[in-house]
Amino acid sequence: MNGSCTDTFIRPHLRKLAAYTPIEPFEVLSKRLGRAPEDIIKLDANENPYGPPREVLAALGDMPFPNIYPDPETRRLRSALAELNDIPMEHLLVGCGADELIDLLMRCVLDPGDSIVDCPPTFTMYAFDAAVNGANVITVPRLDGFRIDVPAIERVVRERRPKMVFMTSPNNPDGSMITEADLLAVLALPVLVVLDEAYIEFSEEASRMRWVMERPNLVVLRTFSKSAGLAGLRVGYGAFPAGMIDYLWRAKQPYNVSVAAETAACAALTNPQYLQDVRDKLVVERERLFGLLQDVPFLEPYQSSANFILCKVVGGQDAKAVKDTLASEHGIMVRHYAKAELSGFIRISVGRPEHTDALIAALRTLEQPVAAVVEEE
Ligand SMILES: Cc1ncc(COP(=O)(O)O)c(C=O)c1O
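All values derive from a computational prediction rather than experimental measurement.

The rules behind the values
- Residues numbered from 1 in each chain as written.
- Predicted model: local features only at pLDDT ≥ 70, side-chain atom pairs only at ≥ 80, totals over all residues.
- Heavy atoms only, no water.
- Helix = DSSP H or I, 4+ residues; strand = E, 2+ residues; numbered from the N terminus.
- Pairing = 2+ DSSP bridges.
- Axes fitted to C-alpha atoms, helices over the stretch in contact; angles between N-to-C directions.
- UniProt positions renumbered as here; feature names shortened; annotations may be inferred.
- Domains from an automatic or database assignment.
- Contact = heavy atoms within 4.5 Å.
- Buried area = accessible area lost by both parts, 1.4 Å probe.
- Salt bridge = Lys/Arg side-chain N within 4 Å of Asp/Glu carboxyl O.
- Polar contact = N/O pair within 3.5 Å; in protein donor to acceptor, adjacent residues only side chain to side chain.
- Nonpolar A, V, L, I, M, F, W, Y, C, P; charged D, E, K, R; others polar.

**A closer look at unusual backbone geometry**
At step 1: Note the cis peptide between P120 and P121, where omega equals -5°.
At step 2: Tracing the backbone shows P121 in the loop between β3 (115-118) and α7 (125-132).
At step 3: In this chain, S169 is followed by P170 through a cis amide linkage whose omega measures -5°.
At step 4: Within the secondary structure, P170 is located in the loop between β5 (164-168) and α9 (180-187).
At step 5: Backbone geometry places N46, a non-glycine residue, at a positive phi of 55°.
At step 6: Position of N46 among the secondary structure elements: in the loop between β1 (41-43) and α4 (54-61).

Set out below in structure tokens:
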């Protein structure tokens with residue numbers, strides 16, 4: 001059977017789906033750049049350069065029953081999270097990263113042809129998962145300074161009746177926070193509001209997880225990938241209103257969180273001092289990096305409440321060329337975007353102080369404009 005015949009088995013809306021472009025695995029990247037992994041400075045995926053507390057590796061080494069399926073209800077982790085966040089564990093569900101929970105929510109809420117509201121520039125998985133689920137994406141672009149456009153969201157909700165609105169605080173890629181007034185205005189609308197707090201630990205604000213106990217149209221998502229340094233183990237969690245969470249339990253894969261993932265997340269929570277110290281170091285480094293980036297003549301950085309800084313590339317430099325040169329000549333990975341609205345920007349994750357120093361030294365060598373590398377088809 002040839003390829004085009006096989007296509008006919010695929011659901012029509014998926015035949016048009018553009019593939020998500022994930023970050024390259026470390027080993028693949030290392031081979032492509034011709035550098036050992038330890039000679040690569042990875043500032044492109046908002047990962048935590050310090051990793052998790054040492055209790056995590058010890059617990060993984062001592063895992064008693066890797067041969068037995070995991071707890072489908074992740075009771076140990078949910079109970080620890082409930083205590084930490086002062087919220088009953090009945091409101092909590094754990095997933096294979098926050099990514100899984102975004103998809104699970106959509107599978108429970110959206111019928112094909114339903115709509116979500118997406119406020120770009122923002123995390124691209126909302127639009128991607130909506131497309132996978134056969135939903136429409138209503139785009140309400142952010143205003144200057146990346147603030148959400150509440151009047152436009154209100155209009156769209158009134159006129160087009162979307163089922164879900166995605167809010168991200170701090171927002172990826174710029175690190176701005178949603179204001180309380182804006183969040184309350186969106187929560188007042190007849191729509192399910194998903195508040196993604198993947199980076200909340202790096203901000204000065206408390207999580208709004210507990211709000212789900214009072215608000216039937218709010219879901220709050222969080223993750224162990226960023227401040228807890230467990231991106232590779234895939235653990236995210238969400239707080240859901242009581243009337244909704246039952247359906248997510250019914251629809252989720254029974255063994256979505258592996259024994260290793262739950263073990264690692266529980267172990268990370270046993271050392272809150274380490275997590276706080278790492279968070280504080282990254283916040284101090286973010287502010288130092290911001291100051292240094294302000295002095296780079298061809299970059300305009302944006303103040304951020306997360307573990308990354310978005311920079312507009314100005315002064316005749318091409319953003320993609322800057323990204324490519326940092327990678328090929330210096331082994332420093334930063335994020336560049338194909339999307340038109342962000343094509344003139346790069347996003348830099350906050351690393352260790354020595355990563356900042358290497359990045360700034362490399363950027364100084366680029367002060368003469370570099371031409372864009374023309375990509376082959
Ligand atoms: C805003 C936002 N939400 C969610 C995620 C995904 O988190 P996880 O690693 O838990 O799937 C990311 C990852 O980059 C993110 O930027």
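Now, onward.
**Let's talk about the sheet that holds strand β7 (residues 218-223)**
At step 1: Pairing in this open sheet of seven strands is mixed, and the strands run β2-β8-β7-β6-β5-β3-β4 from one edge to the other. Here the strands that pair on one side only, and so sit at the sheet edges, are β2 (92-95) and β4 (136-139). Averaged over neighbouring strand pairs, the angle between their axes works out to 25° when direction is ignored.
At step 2: Of the pairings in the sheet, the one linking β7 to strand β8 (residues 236-239) comprises four bridges and is antiparallel in character. By the bridge assignment for β8, T223 is matched with G236.

**Side note on the UniProt feature "domain: Aminotransferase class I/classII large" (unreviewed entry) in the protein**
At step 1: In the numbering used here, UniProt assigns the "domain: Aminotransferase class I/classII large" (unreviewed entry) feature to residues 39-362.
At step 2: The span residues 39-362 is 39% helix and 17% strand, and its two end C-alpha atoms sit 14 Å from each other.

**Examining the domain arrangement of the protein**
At step 1: Taken domain by domain, the protein consists of domain 1 (7-50 + 273-366) and domain 2 (54-271).
At step 2: Its C-alpha centre places domain 1 at a distance of 23 Å from the equivalent point of domain 2.
At step 3: Of the residues lining the interface, 31 residues belong to domain 1; the matching set on domain 2 comes to 30 residues.
At step 4: Of the roughly 2,400 Å² buried between domain 1 and domain 2 on both sides combined, carbon and sulfur atoms contribute 61%.
At step 5: For the pair domain 1 and domain 2, the number of links is one salt bridge.
At step 6: Here R279 and E204 are joined by a salt bridge, their closest N and O atoms 3.4 Å apart.
At step 7: Remark: the boundary between domain 1 and domain 2 carries 16 residue pairs in polar contact (both at pLDDT 80 or more).
At step 8: Elements with a minimum of two residues in the side of domain 1 that touches domain 2: α2 (12-15), α12 (272-294) and β10 (308-313).
At step 9: If one sorts the elements of the side of domain 1 that touches domain 2 by residue count, α12 sits on top with eight residues.
At step 10: Of the residues contributing to the side of domain 1 that touches domain 2, the split by class is 17 nonpolar, eight polar and six charged.

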